[in-house]
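Structure at a glance
Single-letter residue listing:
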Protein chains: 2
Amino acid sequence: MIRIGIMGYGNLGRGVEYAVAQNPDMQLAAVFTRRDPASIQAATPDVPVLAAGKAAEMQDKIDVMILCGGSATDLPKQTPALARLFNVVDSFDTHARIPEHFAAVDAAAKEGGTLALISAGWDPGLFSLSRVYAGAVLPQGETYTFWGKGVSQGHSDAIRRVEGVQDARQYTVPVESALEAVRSGAQPVLTTRQKHTRECFVVAKPGADTARIEKEIKEMPNYFADYDTTVHFISEEELLRDHAGLPHGGMVIRTGKTGKDSANTHVIEYKLTLDSNPEFTSSILVAYARAVWRMHEAGQQGCKTVLDVPPALLSPLSGEELRATML
Amino acid sequence: MIRIGIMGYGNLGRGVEYAVAQNPDMQLAAVFTRRDPASIQAATPDVPVLAAGKAAEMQDKIDVMILCGGSATDLPKQTPALARLFNVVDSFDTHARIPEHFAAVDAAAKEGGTLALISAGWDPGLFSLSRVYAGAVLPQGETYTFWGKGVSQGHSDAIRRVEGVQDARQYTVPVESALEAVRSGAQPVLTTRQKHTRECFVVAKPGADTARIEKEIKEMPNYFADYDTTVHFISEEELLRDHAGLPHGGMVIRTGKTGKDSANTHVIEYKLTLDSNPEFTSSILVAYARAVWRMHEAGQQGCKTVLDVPPALLSPLSGEELRATML
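Everything in this summary refers to the structure shown in the same document.

Criteria and thresholds
Residues numbered from 1 in each chain as written. Chains lettered and ligands numbered in written order. Predicted model: local features only at pLDDT ≥ 70, side-chain atom pairs only at ≥ 80, totals over all residues. Heavy atoms only, no water. Pairing = 2+ DSSP bridges. Helix = DSSP H or I, 4+ residues; strand = E, 2+ residues; numbered from the N terminus. Axes fitted to C-alpha atoms, helices over the stretch in contact; angles between N-to-C directions. Contact = heavy atoms within 4.5 Å. Buried area = accessible area lost by both parts, 1.4 Å probe. Salt bridge = Lys/Arg side-chain N within 4 Å of Asp/Glu carboxyl O. Polar contact = N/O pair within 3.5 Å; in protein donor to acceptor, adjacent residues only side chain to side chain. Nonpolar A, V, L, I, M, F, W, Y, C, P; charged D, E, K, R; others polar.

Comments concerning the sheet that holds strand E4 (residues 64–67) of chain A
All names here are of chain A. The parallel open sheet is built from 7 strands, whose spatial order is E3-E2-E1-E4-E5-E6-E14. Two strands in the sheet have a free side with no partner beyond their single neighbour: strand E3 (49–51) and strand E14 (302–304). Strand-to-strand twist across the sheet, computed as the mean angle between neighbouring axes with direction ignored, equals 25°. In this sheet, strand E5 (residues 87–89) lies alongside E4 in parallel orientation, the contact comprising 3 bridges. Residue pairing across strands places valine 64 opposite asparagine 87, the latter belonging to E5. Packed onto the sheet, helix H2 (residues 74–83) meets strand E1 (2–7), E4, E5 and strand E6 (115–117) and runs at close to 175° relative to E4. Each of E1, strand E2 (26–33), E4, E5, E6 and E14 is contacted by helix H10 (residues 277–297), which is oriented at about 155° to E5, the strand it contacts most.

Points about the sheet that holds strand E5 (residues 87–89) of chain B
All names here are of chain B. On the basis of which strands lie adjacent, the open sheet formed by 7 strands has the order E3-E2-E1-E4-E5-E6-E14 and parallel pairing. Of all strands in the sheet, those with a lone pairing partner are strand E3 (49–51) and strand E14 (302–304), marking the two edges. When strand polarity is set aside, the average angle formed by the axes of neighbouring strands in this sheet is 25°. Inspection of the sheet shows strand E1 (residues 2–7) paired to strand E4 (residues 64–67) by 4 bridges, in the parallel sense. The partner of methionine 7 across the bridge, within E4, is leucine 67. Against the sheet, helix H10 (residues 277–297) engages E1, strand E2 (26–33), E4, E5, strand E6 (115–117) and E14, with an angle of about 155° to E5.

Thoughts on the interface of chain B and chain A
Taken together, the contacts link 60 residues of chain B with 60 residues of chain A. For the pairing of chain B and chain A, the buried interface totals around 5,500 Å² over both sides, and the portion due to carbon and sulfur atoms is 64%. The three residues of chain B that bury the most area against chain A are Tyr133, Arg323 and Leu327 of chain B, which together make up 15% of that side's buried surface. Applying the counting criterion to the chain B and chain A interface returns 0 salt bridges. In this assembly, chain B and chain A are joined by 27 residue pairs in polar contact (both at pLDDT 80 or more). Where the side of chain B that touches chain A is concerned, the elements lending two or more residues are helix H3 (98–112), helix H4 (126–137), strand E12 (248–258), strand E13 (264–274), H10 and helix H11 (319–325) of chain B. Of the residues forming the side of chain B that touches chain A, the biggest block, 11 residues, is contributed by E13 of chain B. Split into classes, the residues belonging to the side of chain B that touches chain A amount to 33 nonpolar, 17 polar and 10 charged. For strand E13 (residues 264–274) of chain A and E13 of chain B, the ladder comprises 9 bridges, and the chain directions are antiparallel. Looking at E13 of chain B, one finds that leucine 272 of chain A is bridged to isoleucine 268 of chain B.

Have a look at this one:
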C-alpha cells in the first residue's frame, strides 16, 4: 500500500481524498491543513487531520505527499520545502514559471533524497503529454490548444473584484469555426480573439450601475479586452442554481503532413470534457503519486515532470498485465 | 545524427523514409529489401539499397533498424533475429500474440546487448498509451476503442479471396449512435454489431454472380458475419478513382466517475483522422527510433513497448526546452 498525505484540504485536497479511495493500492495516511484541524472532518473514517506545521513529524508514515495548494503563492514555497522531507506531487500550473519552479524543487529533492513531480494536472499535464507525443510523431505540423467550455476561476475572481459585483462566474468557450478550421488541416493562424470567447454571469449588488460594470469587465486588460466577451446579469438564485459546478475541458489538436510532397494530412485530437475541474486534476495527481513512489523505490531522485514518466508506472497493472490487456 | 536502417521497402518502409527526412537529427543509412535491390530506387538520393541478407554487414553503420514487414509472418522471425544485431523498432500489431513476441525479442535483445521496441504504431501504440493514461487517471470507468472510418486491409484481402471478385476495398465505420452513447458517460455495454459497420466496395469479374458474392461476403465468419455489412458493386475505374487511398483512424474514449457518491462524470477522448494509415504508422516508428537510441545510449537493453518510454525521449527537444515550451 502506498501511503498518501494531503497538504491542503480545499477542492483539490478533497478530490485527492476521493481519488485515493478509488485506488486499491493506496491509503490515506493524513490530511494537513493551515486551518484549525479541529474544525475539519475528513471524509475518510479515522484519518488524522493535522496542522500543516506538523508534517515533518509524519515523515515515516507517508510515502508520497500530494500538495493541493495554489500556484500563485502556496506551491512556490511549499513544494521545495516539503520535497526536502517527502516524495511530492504538485499541480503547479503557472506555465511561464515552470522552469524556475523546477529548478527550486530539483535542488530541494536532491538534498532530501526524494523524488518530486511538478505540474501534474491536465494543462500542464495531460495536455502537455498530447503536445509532446503529437509533435514528435508529426514534426511537420501545427499544434493548437483550446480550453472550455468551462469555468475559469481566475477570470471569475477578476470579475468579482469589479466594484458593484457581488458574485460572478466566467466561462471560456472555444470558437466552433476555429475548431473546424484547425481540424480541416489548414493550419490557420488564429488570434486570441478568434480562438475563444468569454461568457460572464454576474450578480450585481443592489443599485449597482450594470452598464459601468459591463464596460469595466469588457475592457479589462489581459483578462477580457482581447476577447469577444458577453456579460449576463442574473440573480444570486440563478447563479447558485445554474452555475454551481466547476466544469471544464478543452482540446489539443495537432495536424501535420507526411509522405511524398507532403500530400497526406493527419489530425490528432485529444479532448477532455470534465464535470469537475478540481476532481479530475486530483485524479491525475493520485495516478502520478503511484509513479513517483515507484520511481523513488527504483532509486531516482530530484524533480521530474509528466514528460519524464513512463506511462506504465501510472497503472496499478504490471508490465506483463499491461502488455496482455492494454497494449 | 541517428543513423536509421529500413528493413522492408513497401508502404511502411517508404513512409519511414519520408518521415526520417522530416527529422533533422536523423539520417537514412540504408534500405534493405528481399526483392532484387537493383530493381528498387529509394526516394532519398545516394542511399544504398541492399539485399535483406546483407544487414549484418552494416552493423556498425546503423544505430536503429526500423522493421517494416508484416505481423503475420515477417516480424515474428525478423524482430528477434535482427534484435541480436541492432537496436530495432517494429509495429507488430497482432494484439493476442504480443506477450510471446515480447518474450522472444527480449531474449534476443538481451543476448545482443541491444534495445528493441515492439508494437509501435497507433493500435497498438498511441491508442494503447491513451488506454493506459485514461485508465490510470479514471480508475472507476470504462474504455471504448472505435476504429475508422478507414480501410481495413485484412478485410479487403478477405473479400478479394471470394470467387468472382477482381478487387475490393473494405471500410470499417464506427456507429454514430454508439459513439454518442459512450460520450454521454452512460457506460453502455455494446456488442460488436453495435459498435461498427462494414462497408464494402467490390469490383466483380465479368459475368460473376454478384448476388452470390454479396451473400458470401456478408456471411463470412469473423470478418463480416457479426457486423451489419453493406456491399456496393462498382467498376474498376470507380475503385481506382474513389478508393485509392488508405485512410484510417479511430477513437479511444474513456468515461469515468469521481468525487462524493461518484457524482461527477469525465470524458477523455483521443481521436485520430489519418489520410494514410501506413505513413502515420511510419511516423510513429521513427519517433520511437529516437527514444530507442537514447535509451540504448543510457545503457538500457532488452525489449520495451511504448508503455515503457518516457514521452520526453520521443522529442528532439531537450528536457529544458520541453519544460519551457511544451509543458
